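# Remarks on the overall topology
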Amino acid sequence: MLPNHPYHPTWFSDGAAIWIAEEAMIERGWSPGLEEDPFTAKWILLVQQLLERDRVPPFTILLRGHDSDLGLYDRYALWGLVFRYLKEETPPGEFDEFWRRARTLPATKGFA
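Residues numbered from 1 in each chain as written. Predicted model: local features only at pLDDT ≥ 70, side-chain atom pairs only at ≥ 80, totals over all residues. Heavy atoms only, no water.

Before going further, it helps to spend a moment on the layout of surface pockets. Volume-wise, the largest pocket comes out at about 190 Å³. Taken together, 13 residues form the lining of the largest pocket, with Ala21, Glu22, Met25, Phe39 and Thr40 sitting closest to its centre. Secondary structure elements with two or more residues in the lining of the largest pocket: helix 1 (10-27) and helix 2 (38-52). A per-element tally of the lining of the largest pocket places helix 1 first, with six residues. Residue composition of the lining of the largest pocket, grouped by class: eight nonpolar, three polar and two charged. (1 Å grid on protein atoms, 1.4 Å probe; cavity = no way out; pocket = protein on both sides within 12 Å on 5 of 7 lines; lining within 4 Å. Points joined across faces, edges and corners; volume = space filled by probe spheres on them. Helix = DSSP H or I, 4+ residues; strand = E, 2+ residues; numbered from the N terminus. Nonpolar A, V, L, I, M, F, W, Y, C, P; charged D, E, K, R; others polar.)

The interhelical angle for the contact between helix 2 and helix 4 (residues 72-89), taken along N-to-C directions, is 105°, at an axis separation of 9 Å. With respect to each other, helix 2 and helix 4 are oriented roughly perpendicular. Together, Trp43, Ile44, Leu46, Val47 and Leu50 of helix 2 and Tyr73, Asp74, Tyr76, Ala77, Leu78 and Leu81 of helix 4 make up the contact between the two elements. Split by residue class, the contact of helix 2 with helix 4 holds 10 nonpolar, no polar and one charged. (Axes fitted to C-alpha atoms, helices over the stretch in contact; angles between N-to-C directions. Parallel < 35°, antiparallel > 145°, perpendicular 65-115°, else oblique. Contact = heavy atoms within 4.5 Å.)

The next point concerns the pattern of salt bridges. Applying the stated criterion to the full structure yields five salt bridges. The residue aspartate 69 makes a salt bridge to arginine 55 at a minimum N-O spacing of 3.9 Å. One end of the pair, aspartate 69, is in the loop between helix 3 (59-63) and helix 4; the other, arginine 55, is in the loop between helix 2 and helix 3, with 14 residues separating them in the sequence. A residue is classified by how much of its surface remains accessible, and aspartate 69, at 54% relative accessible area, is exposed. Look at arginine 55 and you get partly exposed, because its relative accessible area is 33%. With a shortest N-O distance of 2.5 Å, glutamate 88 and arginine 84 are connected by a salt bridge. Here arginine 84 and glutamate 88 lie together in helix 4, a separation of four residues that amounts to about one turn. Residue classification places arginine 84 among the buried residues on the basis of a relative accessible area of 8%. (Salt bridge = Lys/Arg side-chain N within 4 Å of Asp/Glu carboxyl O. Buried < 20%, exposed > 50% of the residue type's maximum accessible area, 1.4 Å probe, protein only.)

Core analysis: the largest hydrophobic core is formed by 22 residues, its most contacted members being Trp11, Phe12, Leu62, Leu78, Val82, Phe83 and Trp99. Looking at this core, the elements with two or more residues in it are helix 1, helix 2, helix 4 and helix 5 (94-104). In terms of residue count, the dominant contributor to this core is helix 4 (seven residues). Once residues within four sequence positions are removed from consideration, valine 82 is found in contact with Trp11, Phe59 and Leu62. (Core = buried A, V, L, I, M, F, W, Y, C linked by side-chain atoms within 4.5 Å.)

In this fold, aspartate 14 is placed in helix 1. Buried and without a salt bridge, aspartate 14 has arginine 75 as its closest oppositely charged side chain, separated by 7.9 Å. The contact partners of aspartate 14, leaving out residues within four places of it in the chain, are Tyr76 and Trp79. (Lys, Arg positive; Asp, Glu negative; His and termini not counted.)

Laid out in structure tokens, this is it:
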């Protein structure tokens, strides 16, 4: 565990944990993949429903961790998919640099 872990925004720490777990399951052949696995496919549907109801908070709000008006399952679905999107869809190396910097920031409450 990283020394500054308690101060990471929840979308980052839980999103990373979700992504790592999903990738491990896929790599070991225990999951057919994000869209094909009933557990993770449900998250895609939850986020689609949030988008249709215009309930997804602005990205700046989400990144700062101020998304508490969403229900628990909606938050986890959003965190997991936002993390996956940033990890997989940003230009090569860009998210890795962000991740490296986030892991080395001092352990302070002003992290976000």
